[in-house]
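An overview of the molecular structure
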Amino acid sequence: MSSVTSVDRPGAPDPHAPATPAHPEGYPGGYPAGYYPPIAEPDRLTRFVTRLHERTPRWVVPLAAVGCVAAGIGYALVSDPTRSAPDAIPSCLLKLTTGLDCPGCGGTRALWYVLHADLPAAARHHFLFVFALPFLAYFFVAWAGKQAFGWRLPELRVGPKLVGGFLAAWLAFTVIRNLPWPPFTALYV
């Protein structure tokens, strides 16, 4: 007498196979008969990153971001970008090769002037940076406060149209500040 198992019978479900959903995505009536999706075992790097993420306190990432911002502020304060010689070679590759101001030209000097509470001089070097700085600071405080302390500050709604408008204004500002005719030459840094 031979024993017949469900594996030997065509169309019968395998009792050792993992349970699958009745209607997986992409298959309206379920998986084809006899197909069972493979169970993916995460690789070592994925397991390491997952373990690290689970064990890391929630305040570490905002603290690292504060460290990066502090390093940028420290660089601006130590280097004093406003005291370069008139014939100094530009550090910006675009300005060095083309003579044009790039979209970020003047940003470090604007930061230096903001840190010294001279907003007119900061706006002279990069108006859009000075305009965006309070918004960026609020976004950072709201994000870091939520990550580190669970604060729920009011969210500023920024949609794709607003971001696109800001990027278009930044592009227009970049083009206008490079025009060689007055009054646009006043924007050249």
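Conventions and cut-offs
- Residues numbered from 1 in each chain as written.
- Predicted model: local features only at pLDDT ≥ 70, side-chain atom pairs only at ≥ 80, totals over all residues.
- Heavy atoms only, no water.
- Phe/Tyr/Trp six-rings, centres within 6.5 Å; stacked < 30°, edge-to-face > 60°.
- Helix = DSSP H or I, 4+ residues; strand = E, 2+ residues; numbered from the N terminus.
- Buried < 20%, exposed > 50% of the residue type's maximum accessible area, 1.4 Å probe, protein only.
- Axes fitted to C-alpha atoms, helices over the stretch in contact; angles between N-to-C directions.
- Parallel < 35°, antiparallel > 145°, perpendicular 65-115°, else oblique.
- Left-handed = near helix turned anticlockwise from the far one by under 90°.
- Contact = heavy atoms within 4.5 Å.
- Nonpolar A, V, L, I, M, F, W, Y, C, P; charged D, E, K, R; others polar.
- Core = buried A, V, L, I, M, F, W, Y, C linked by side-chain atoms within 4.5 Å.
- Disulfide = S-S within 2.5 Å.
- Patch = residues over 30% accessible without salt bridge, like charges linked within 9 Å, V, L, I, M, F, W, Y side chains within 5 Å.
- Areas by Shrake-Rupley, 256 points an atom, 1.4 Å probe, with all protein chains shown as cover.
- Salt bridge = Lys/Arg side-chain N within 4 Å of Asp/Glu carboxyl O.
- Lys, Arg positive; Asp, Glu negative; His and termini not counted.
- Charge placed at Lys NZ, Arg CZ, Asp CG, Glu CD.
- pLDDT = per-residue confidence, 0-100.

Let's shift gears to the packing of aromatic side chains. Counting across every chain of the model gives five aromatic pairs. Ring geometry for Phe140 versus Trp143: centroids 5.9 Å apart, planes at 45°, classification tilted. Placement of the pair is Phe140 and Trp143 together in helix α6 (residues 127-149), with a separation of three residues, close to one helical turn. We classify Phe140 as partly exposed; its relative accessible area is 26%. Taking relative accessible area as the criterion, Trp143 reaches 35% and is therefore assigned partly exposed.

Attention shifts here to the packing of helix α4 (residues 107-115) against α6. Contact geometry of α4 with α6 gives a least axis separation of 9 Å together with a crossing angle of 55°. In this view, α4 runs oblique relative to α6, as classed from their interaxial angle. Helix-helix and strand crossings are classified by hand; for α4 and α6 the assignment is right-handed. On α6, the residues that touch Gly107, Ala110, Leu111 and Val114 of α4 are Phe129, Val130 and Leu133. Residues that form the contact of α4 with α6 fall into these classes: six nonpolar, one polar and no charged.

Here the focus is the nonpolar core. Counting six residues, the largest nonpolar core is built from Ala110, Trp112, Tyr113, Ala121, Ala122 and Val130. Those elements that provide at least two residues to this core are α4 and α5 (119-125). When residues of this core are assigned to their parent elements, the largest contribution, three residues, is made by α4.

The next point concerns the state of the cysteines. As enumerated under the stated definition, the model contains zero disulfides in all. Free cysteine Cys105: the closest other cysteine sulfur is in Cys102, separated by 3.4 Å. Residue Cys105 is classed as buried on the basis of its relative accessible area of 6%.

A few words on a nonpolar patch on the surface. Taken together, the side chains of Phe127, Phe131, Phe135, Leu136, Phe139, Leu156, Val158, Leu162, Val163 and Leu167 present a nonpolar region at the surface, about 900 Å² in accessible area. Elements supplying a minimum of two residues to the nonpolar patch: α6 and α7 (160-176). Element by element, the count of residues in the nonpolar patch is highest for α6, at five residues. Locating Phe127 in the fold gives a position in helix α6. By relative accessible area, Phe127 is classed as partly exposed at 45%.

Now for the pattern of salt bridges. Under the defined criterion, the tally for this structure stands at four salt bridges. Between Asp101 and Arg177 there is a salt bridge whose closest N-O contact spans 3.9 Å. Remark: Arg177 occurs in the segment after α7 and Asp101 occurs in the loop between α3 (93-98) and α4; sequence separation between them is 76 residues. Accessibility assignment for this pair places Asp101 and Arg177 in one class, buried.

So, about a positive patch on the surface. Taken together, Arg44, Arg47, Arg51 and Arg55 make up a surface patch of like positive charges. Taking the relative accessible area as the measure of exposure, Arg51 reaches 39% and is therefore partly exposed.

To continue, consider the confidence of the model for the protein. On average, residues of the protein score 81 in pLDDT, and 79% of them are at 70 or above. A low-confidence stretch, residues 1-9 (pLDDT under 50), is modelled with seven contacts involving residues beyond four sequence positions or located in other chains.

Glancing now at the environment of Tyr113. Position of Tyr113 relative to the elements: it lies in helix α4. We classify Tyr113 as buried; its relative accessible area is 16%. C-alpha separation for the pair Tyr113 and Thr82, spaced 31 residues apart in sequence, amounts to 8.7 Å. Other than its neighbours up to four places away in sequence, Tyr113 contacts Thr82, Asp118, Ala121, Ala122 and His125.

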